[in-house]
Structures are given as C-alpha cells and as structure tokens.
Amino acid sequence: MALSSARATAFDGRDSTPKSRRNRSLAWAKFRRNRLAAGSAVLLLVLALMAVLAPWVATRDPLRIDLRHKFAAPGTPGFVLGADELGRDLFSRLLHAGRVSLAVGLLTALIAVTVGSILGALAGYYSGTLDAVIMRIADTLLSTPTIFVLLALSAFLKPRFSTIILIIGLNSWMSVARLVRGQILSIKQQEFILAARALGAGDRRLIFRQLLPNSLAPVLVAATLNVATAILTESSLSYLGYGIQPPTATWGNMLNNAQAYVRVAPWVAVYPGAMITLTVLSFNFAGDGVRDALDPRLTAS
Amino acid sequence: MAQRSVNRSGRSGGVSRRQLLKGAVLGTAALGSGVWQLGQRGAAHAASAVPPAAVPVRGGQIINGFQQELQSFNPLTATFEQQRGIQMCLFDALWKLDPMGNFVPNLAAEMPTQANGGISRDGTSFTITLRRDVKWHDGQPFTAKDVVFTWRTILRPDIITSTTVGFDQLETIAAPDPYTVTFKLKQTFAPILTSLCEMFIIPEHILSKSADINKDEFNTKRPIGTGAFKLLERVPGDHITLEANRAYHGPGPYLDRLVFKFTPDDNVLYTQFSTGEIDIAGPGLAVNLVADAKKLPNVTVFSAPSYTYDAICPNMLLPVFQDKRVRQALYFGMDKKTIIDKIFEGLMLEAETYIPPYSWAYNPKVKGYHKHDPEKSKRLLEEAGWKVGSDGIRVKDGKRLTFENSCTTGAKQREQMQQYLQQGWREIGADMQISNKPASVLFGDFFRLSKFESIINGMPLSGGDPEFSFRIHSKYIPVKGGNGRNSIAYENPKADRLVEAGLREMNQEKRKQIYGELQEFLLDELPYLPIYHWVFYKAARTHVQGFRPTTLMMQDTWNANEWWVKKA
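Residues numbered from 1 in each chain as written. Chains lettered and ligands numbered in written order. Predicted model: local features only at pLDDT ≥ 70, side-chain atom pairs only at ≥ 80, totals over all residues.

**Q** Tell me about the overall build of chain B, and please be specific about residues and values.
**A** Helix and strand content of chain B: 16 helices and 21 strands. Here chain B has a C-alpha radius of gyration of 27 Å; the compact-globule value for 568 residues is 24 Å, and the two agree. Dimensions of chain B, computed from the C-alpha atoms along their principal axes, are close to 95 × 75 × 50 Å. Burial status across chain B gives 45% buried among its 568 residues. Put simply, of all contacts in chain B between residues at least 6 apart along the chain, 68% involve residues at least 24 apart. (Helix = DSSP H or I, 4+ residues; strand = E, 2+ residues; numbered from the N terminus. Rg over C-alpha atoms; globule rule 2.2 N^0.38 Å. Buried ≥ 20, exposed ≤ 12 C-beta atoms within 10 Å, placed from the backbone. Contact = placed C-beta atoms within 7 Å.)

This is the structure in structure tokens:
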C-alpha cells in the first residue's frame, strides 16, 4: 500500500515527519507571516460568517419596501446604515446580498476550477488531438468578449441564480485549463511520474493522484482571482438586465441601482461598492499569499 | 510580490523620471485650471451680453442624447417612440401637427378640406395635391407614386409595420398625375388626417426593387428620405450623425449637423448633459434628475404633459388574466398615489383611463374610480375562487396566482414601481415575479407576438386623437395574424363595436359620447391597468433655439428643421 500510494515521500536525516507534511506546515507558517494575506483571509472569514448568519444578524426584512423612509440617512432609528431608494434597510440588504454575491463568486470559481482542471489535465496529459481540440475551444471562448458570450447564453437561459453561476463558470474555465495544462506538461516527464508508472499506476491514477495535486498552487491562485471576477461579472450582467432579478439584492445590483442617486444619497452606493472592493482585494491578496506560500523554490528541499 | 522600485536615472544632478512626471502633471493642472477660469469668465460675459434678435442662424451642430438606440431607419417598421424621433428627421409625411393641434402641410401643397374639394361630402374620397419641389436625398424627384407605394406597402401582410389602423380602410388609391394622389376609403374614418401624419413616405424608386423590405439595408445603413436631414454616419452602439439636406423644401434646416448620442443609462446621459457634452437631454428626463436640472446654469427645463400613459399590460392569453375580477383585484391592489408621489416625485399625473383630462374626449365620470383598497381586492379574488394557500399565495384548481412582469432594464422608476407593486400584490395573495429586459428586446417579438406574461408599457395616443382600436380591437392582434398593437390579445365584442363606432363618427360631439362610453366600459373591464399620464421633462442648453416640445407627441424632433444654434 505504502509503495503504490505514489506520493513522493522522502525521509531526510533531520526528522521523521514526511517531507510533504513538513512542507505543508512550512507553507502555512509562511502564509501566516504574510500579514496582508493573513489579514485578508481573516476578513474573508468574517464576511463569510456574516453572510451565513445574515438572517439572524440583520433582523429587518431586506425586501420590505417602506417609501416613507426613502433615502433615510445612516443612523435613522431602525436603519443603522440608512435606507435605499425604496426605503429598504441597507444593513440588511448588504448582508443578504453578501450571501448571494459570495455564493456566486465561490460556486462559479468551483465550477471554473473543476471543469478547467479536468480539461486542462486531459489536454496536458494526452496531448495530440485531444489537446488541440480542447485548447482551440478554450481559445475561441477566450477571444470572444465575455459580455457577448454571457448575453448570448442569457438569451436562452432565464436569469436565475443557478443559470448565472453556470454561465459565468462556463466562461471562466479557460484560464484555469491553460494553467493546469502548462503545469502538467512540465511535470509529466519528471522522475517521480516515471517511477509511479513503472509501479503500474494507470492514467487516471496518475492524473488525479499525482499530476493534479502537484499543480495545485497556480490553480488555487487562479481560483481566488476567479471569485473576484465572478462577483464583478455578476454586476455587469445586472446592469444589462440579465443578472439576478430584483428584488433580490446582490452587491452588484445594489451598486447599479445606486448610481442614479449618487448626488442625492451617496451612501447607498458606497456600501455595496466598498464590500465589492474589500472582497475582491481580499481574495487577491489571499491568493497572492497562497501562491507565495506554496512556491516550491521557497520550501526546504 | 512587488520589488522595491529602482531609480533608473542614476545620473546625479539630472531630473529623474518621477520628477519629470510630477512636474508635467502639476503643469498641466495649472494650465488647465487657467484655461477653465478664462472659459468661466467668458461664459459669464456672454450671459450678460444683450441677446440678439431671434433670427435663425445657419451652422453649428446640436447633440441630442437619447436613451434607446434606433434599430431601424425605416419609418414603416414597428417602432418605439425614441426611434420615431430620428425617423422624423429623415422622412416626411403629407402634413404634420403643430403644438396647437393644427395641421401644417408638409409634402402636400395644401390641406385637403371639403371647401377646396380635397375631401368629398361623405368624407370617404380624398384628393391631395403635392408639392412639386421636393427631392429625395439621392436627387430623384418625389412624386405621387411614392405616396401610393407607401400606402400599399403598409397594407402588405408580409411587411411588419407598427400599425395599419386607418390605413386598412383604404379601398382604392391612385396617382392620376405625378403631383396628385386620390384615394377612397371603404367607410368614413374620423381620424384619417391624424393617421396620415404618421405615414412617412418611403421612396418607390428604391424600395420597389428590394428583395425584402423588412431586412433591406435601407433600414440600417442607407435610408433615403425627403426630410430635412440625411444620414451622414452611424456608429452602432454609440451615435448617429445626420447632416443638413440643403435641398429641403421646407423652412430650414439651419443646423449643419444633428447628432443623436445613445446612452442607455439615465444618469450617465444626465452627467454628459450637465458637463455640456450633449446639448439636449433625451425626449424624457428621469424624474429624479428634474430638480437637479433646474439648478444647472445655462439650461432650460421644459415640461410637457402628454398623451402617453403607462399601464400594466396583462397578456389575455394567460388563463390567470382571463377573469376580469383578477384584473380588477390587481388594479385595486395598486397604491398609485404613493407610487406617483414617492417614486415619481409627484411629477406624473394619475390616470384612470387612457385619455388624459386635458383631451376633448375625456369623460369626467372616470375621476375617482380607483382607490387603493386591498380589502376589496381580496374580496374580488375570493369571489373568483382564488383561496389563500399555505405560502400566502392564492390557489385555484391547483394553480397558483403567479405571473411575471417585465419592464425595460435601466428605467429606474419603472423598476422601483415594479418592486413596490410586487410587495402590494403579495399582500393580496398574488405572486408577481420580475423578469426585465433591455428595450430593444422587450419591444421586439417578445411584446409584439404576445410572448410576455405582463409588461409595463407606455402608450401614446397619436395626435391626441382618442382612437384606440389598434390596442384593443380583436382584429389587431399580431400573434393571430393582425397588424397592430393589441399584443395583450384582448378580444371583446363590445369594445370592438365601440372603437369602430368612434372611427366612423365624424361629428366631434357624438364621438365624445362614444369614447365616453368606452372609457367607462374599460374601467370595469381593465384590459390595461392605467397608472399615470406622462409629463415629459426635457432639458436643453440655452444656446439651442427653436426647441418646442409639444403635448401631442413625445418626440421633440418634429420641428428639427427649425432648430438653430445661438452663437455666444
């Protein structure tokens, strides 16, 4: 069993922990030391927690329209962050919108990474025609402006949470695929792969147990960037009317609706804008931190 | 991670790149603010100068900002109001309406009347004398066969037109000589002269040779009309530039160029207007911007109560809307007063019927019919067999009382109204789902061919005439083969009878009775749920002259040939 679980474990003279585990704890320590990345990760955790706990934290109904309180200023009793153009509580809407926006971001990244990794691995491992076909499809999608692809798909699918995640995800797998393919092309000739193959490992085992796990680093970074882009893409879709339909709030459509009132009630735009910025930046910094932490050149060898 | 930036210059005593950049930025800022100051002083100077006499001056250009982009130049095609505004610059009709409601001959040499023999005693035969000095943009002479061709094309069943009402009353039409058109109607049609204001003439010598008029390049790239302006340039998604037709037969045009810039977002359009990038802000300024616009310097804000009204349009092909008690319940569940006061800043006029109170045909008995009464709504729905289900939504025969509503994306106030209506209707047990679309999609086949469930639509009365058959008569349902705008697929024999009678009656007093009865009937039937009459606000820079918005139509370009630019 130990022999065919072909991870490259090597014992060196220093201690008896397997090198992989030591590398992992080194990576973790490195990540923690990077204050920006660690801070961003904490912030993201807080955001995620607030999003999950939204219905309990914000007790006011985010959909309740109360025109008498249109544009209530922040601090008005009952409206801690103020109210929007229809008198809805902004604090509540912000939190509930966070659920949607974060969910869109994370699920989209999940789809993009999964589809991208598998297709990229297949392309990189098998090369030849399969590689050409997959990469040409990726090229075509990459060269078409995103908005056009999204609009074309939106014309067929009704805009809803599930279809939007699908649409954006299916338009984001290409860069992940390219990354994974590149990684695999560079790893697949290495000795530990030849060793595993000599031990009788089949294609599927090689791809899923050896090649993909070792390509994780750039994929993780790409995933974090994907989350950021997905959140922004959702707001562009909302702008065109093909995003999450009203009255459901997302940070994107809140920002969109607030544009018209920037002169009258600027705070309505500031909150969702700040949330989007914070989230996107945090994902980017955390992604950078992950990449640095996993950089093989910086681990002990 | 970022590396520390290395100072590349390295030279001692030299100016580093960073210093150079800093200097350049500061220098430009200083220069810019200096120029800006001069400009301000100049403007102030101009404002205090003695205004010149209002004689139109040749030259210059005006940039008009529109929200909805034109899809087709062809004036025959199914159109939305903003598209018509541009078509009116390129094409002419036999006559037009001035703001007072008087007819002004355009391609016709004079208005046909019974006195001059242009209209027969029984009102069915017409003889029109045309001007002889009109040329198409390509230099060909305009003649009677163009008029005959236009009318005949409208009636062709394979041509998609916005409406055939009135035009389908044609029995015969002929061009006995190049400058005379004679036509006979099957029966009297009271608003025929008003309808003909909307028949913009298309060139027979070009389109008779077209393989498919619906798809011809004439519609998108090469329109040829007789209008005051011709197409100079079109950049899809951005703007359309028209240039003056110096061979125009009418007064003007004084401008060299007329540009229509498309910005779907109200706020961006307004920002462009307030910075002076565009000279006229759209045919309709968003209500949340009106107060702000009034404070801008060198800007005039016009308000024009109109004959256009917004209504909820339920699709009668949907079983849920077929019971009029459901429609009535929805109507009484609408808090129109709050919508107008809070969402539209009190700037619109509440509507009970499709005819506004300032029309001669208005029936004062409709006033006060609607009150926001959710209890009444609930009673009506209970009566109709809709019982409240477990989730608060009413159910009947296993079906939930649920439907979709669509409006144009980017129309902020309509979107807000939608959400407020959704909340109100939920309280009476109706579940409305929102599914909005951009204008070009909404008003395409989605609306025309009755693919929607319900939409919010703004409907104008052409020329202020109470004629309404193209919206409710059973023979004008496109999805059933008609060519009109009864896309809600409403079919009611009494409504048919009333609108037909209104068309036959030439005597205005008697017509008023008929339309009065129609208004009361529609209050009970509610094929459309009226919300408000539009008051259109327009803003133009003070150097724009000749700009005269009218109540009779949403378009301001009806007299674009008389617009001119006052030089500072």
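Having seen it, we continue.
**Q** Just give me the short version of the overall build of chain A, but keep the residues and values in it.
**A** Secondary structure assignment for chain A yields 13 helices and zero strands. When the helices and strands of chain A are read in sequence order from the N terminus, they spell out α-α-α-α-α-α-α-α-α-α-α-α-α. In chain A, which comprises 301 residues, the proportion classed as buried is 40%. When contacts within chain A are restricted to residue pairs at least 6 apart in sequence, those whose partners lie at least 24 apart make up 69%.

**Q** Let's hear about helix α16 (residues 508–525) of chain B: which residues, and what values?
**A** All names here are of chain B. The terminal C-alpha atoms of α16 lie 25 Å apart, and with 18 residues this matches the ideal 26 Å at 1.5 Å per residue to within 8%. Within the sequence span of α16, burial applies to Arg-511, Ile-514, Tyr-515, Leu-518, Gln-519 and Leu-522. For α16, the buried positions fall inside an angular range of 145 degrees around the axis, keeping them on one side. Across α16 from its buried face, at more than 90 degrees, point the exposed residues Glu-509 and Asp-524. Just downstream of α16, Leu-526 is the residue with a positive phi angle, here 50 degrees. (Expected span 1.5 Å × (residues − 1). Arc of directions from axis to C-beta.)

**Q** Before we move on, could you go through the environment of Asn-507 of chain B and cite the residues and values that matter?
**A** Within the secondary structure layout, Asn-507 of chain B lies in the loop between α15 (493–504) and α16. Residue Asn-507 of chain B is classed as exposed on the basis of its 9 C-beta neighbours within 10 Å.

**Q** Can you explain the interface of chain A and chain B? Please cite residues and give values.
**A** Between chain A and chain B, the residue contacts involve 15 residues of the former and 21 residues of the latter. Per-class residue counts for the side of chain A that touches chain B are eight nonpolar, three polar and four charged. (Nonpolar A, V, L, I, M, F, W, Y, C, P; charged D, E, K, R; others polar.)

**Q** I'd love a proper account of the pairing of strand β7 (residues 229–235) of chain B, names of residues and values included.
**A** Residues and elements named next belong to chain B. Strand direction decides the pairing type here: β7 and strand β8 (residues 239–244), joined by six bridges, are antiparallel. Paired with Phe-229 across the strands is Ala-244, a residue of β8. Once β7 ends, the chain turns through three residues before running back antiparallel as β8, passing Gly-237 with a positive phi of about 85 degrees. (Pairing = 2+ DSSP bridges.)

**Q** How would you summarise the packing of helix α4 (residues 90–126) of chain A against helix α13 (residues 267–294) of chain A if you had to cite specific residues and measurements?
**A** Residues and elements named next belong to chain A. Two numbers describe how α4 lies on α13: the axes approach to 11 Å, and their chain directions differ by 25 degrees. When the axis of α4 is compared with that of α13, the two are roughly parallel. In this structure, α4 meets α13 at a crossing whose hand is right-handed. Between α4 and α13, the contacting residues are Leu-90, Leu-94, Ala-97 and Gly-98 on the first element and Val-268, Tyr-271, Pro-272 and Met-275 on the second. Along the lines of polarity and charge, the residues of the contact of α4 with α13 split into seven nonpolar, one polar and no charged. (Axes fitted to C-alpha atoms, helices over the stretch in contact; angles between N-to-C directions. Parallel < 35°, antiparallel > 145°, perpendicular 65-115°, else oblique. Left-handed = near helix turned anticlockwise from the far one by under 90°.)

**Q** Summarise the domain arrangement of chain B; cite the residues concerned and give the values.
**A** All names here are of chain B. Domain boundaries assigned for chain B yield domain 1 (17–223 + 543–565) and domain 2 (307–534). Here domain 1 and domain 2 have C-alpha centroids that lie 30 Å from each other. Contacts between the two partners involve 24 residues from domain 1 and, on the opposite side, 23 residues from domain 2. Tallied by class, residues from the side of domain 1 that touches domain 2 come to eleven nonpolar, eleven polar and two charged. (Domains from an automatic or database assignment.)

**Q** Can you break down the confidence of the model for chain A residue by residue, with the values?
**A** Low pLDDT means the predicted coordinates in that region are not meant to be read closely. When pLDDT is averaged along chain A, the result is 81; 89% of the residues meet or exceed 70. The low-confidence segment residues 1–15 of chain A, where pLDDT is below 50, has 15 contacts with residues more than four positions distant or belonging to other chains. (pLDDT = per-residue confidence, 0-100.)

**Q** Explain the sheet that holds strand β15 (residues 399–400) of chain B to me, and be specific about the residues and the numbers.
**A** Spatial ordering of the open sheet is given by β13-β14-β15 (chain B), a layout of three strands whose pairing is antiparallel. Looking at strand neighbours, the two that pair on one side only are β13 (387–388) and β15 of chain B, the edges of this open sheet.

**Q** Could you give an account of unusual backbone geometry, naming the residues involved and the relevant values?
**A** Residue Pro-247 of chain A follows Pro-246 of chain A across a cis peptide bond; omega there is 0 degrees. Along the chain, Pro-247 of chain A falls in the loop between α11 (216–240) and α12 (251–258). Following Gly-252 of chain B, the chain continues to Pro-253 of chain B via a peptide bond in cis, the omega torsion being -5 degrees. Checked against the element boundaries, Pro-253 of chain B lands in the loop between β8 and β9 (257–262). Within the chain, Phe-71 of chain A stands out as a residue other than glycine whose phi angle is a positive 55 degrees.

**Q** Please give an account of the confidence of the model for chain B that cites residues and values.
**A** All names here are of chain B. For chain B, per-residue confidence averages 86 on the pLDDT scale, and residues scoring 70 or more make up 90% of the total. Within chain B, no element has a lower average pLDDT than helix α1 (residues 17–48), which sits at 47, and none a higher one than helix α9 (residues 324–332), at 96. Within the model, pLDDT remains below 50 along residues 1–13, and this stretch shows six contacts once partners closer than five positions in the same chain are excluded. Low confidence marks residues 30–52, where pLDDT is under 50. Its contacts with residues over four positions away, or in another chain, come to one contact. Scoring the predicted complex yields pTM 0.74 and, for the interface, ipTM 0.73.

**Q** Provide a residue-level description of helix α10 (residues 336–343) of chain B, including the pertinent values.
**A** The set of residues buried in α10 of chain B consists of Lys-336, Ile-339, Ile-340, Lys-342 and Ile-343 of chain B. Packed against the buried residues of α10 of chain B are β12 (349–350), α12 (412–427) and β19 (529–541) of chain B.

**Q** Account for the nonpolar core, with residues named and values stated.
**A** Judged by nonpolar contacts, the single largest core of 144 residues is most densely connected at Cys-89 and Ala-93 of chain B. The element that contributes the greatest number of residues to this core is β19 of chain B, accounting for eight residues. Residues from two domains meet in this core; each of domain 1 (17–223 + 543–565) and domain 2 (307–534) of chain B gives at least three. What Ala-93 of chain B contacts, discounting residues up to four positions off in sequence, is Asn-106, Leu-107, Leu-196, Cys-197, Glu-198, Met-199, Phe-200 and Ile-201 of chain B. In this structure, Leu-81, Val-104, Val-180 and Ala-265 of chain A belong to the second largest nonpolar core, which totals 64 residues. (Core = buried A, V, L, I, M, F, W, Y, C linked by C-beta atoms within 7 Å.)

**Q** Mind laying out the sheet that holds strand β4 (residues 125–129) of chain B, listing which residues take part and the relevant values?
**A** All names here are of chain B. The three strands are arranged β4-β6-β5 in an open sheet whose pairing can be described as antiparallel. Both edges of this open sheet fall to β4 and β5 (170–177), since each of them pairs with a single strand only. Going across the sheet, the axis of each strand differs from the next one's by a mean of 15 degrees, ignoring polarity. The sheet contacts of helix α3 (residues 144–155) involve β5 and β6 (180–185), and relative to β5 the element is tilted by about 160 degrees.

**Q** Account for the environment of Thr-220 of chain B, naming residues and giving values.
**A** Residues and elements named next belong to chain B. One can find Thr-220 in helix α6 (residues 217–220). According to the C-beta neighbour criterion, Thr-220 is partly exposed, with 15 such atoms within 10 Å. In this structure the C-alpha to C-alpha distance between Thr-220 and Leu-421, which are 201 residues apart in sequence, comes to 38 Å. Not counting chain neighbours up to four residues away, the residues in contact with Thr-220 comprise Ser-72 and Phe-73.

**Q** Can you explain the pairing of β9 of chain B? Please cite residues and give values.
**A** All names here are of chain B. Across six bridges, strand β1 (residues 61–66) lies against β9 in parallel orientation. Across the sheet, Gln-61 pairs through a bridge with Arg-257, a residue of β9. Of the pairings in the sheet, the one linking β8 to β9 comprises five bridges and is antiparallel in character. In the strand pairing of β9, Glu-243 is matched with Arg-257.

**Q** Explain the environment of Phe-283 of chain A to me, using residue names and the numbers behind them.
**A** Residue and element names in this part refer to chain A. Structurally, the position occupied by Phe-283 is in helix α13. Given 26 C-beta atoms within 10 Å, Phe-283 falls into the buried group. Separated by 62 residues in sequence, Phe-283 and Val-221 have C-alpha atoms that sit 9.1 Å apart. Setting aside chain neighbours within four positions, we find Phe-283 in contact with Leu-44, Thr-224, Val-227 and Ala-228.

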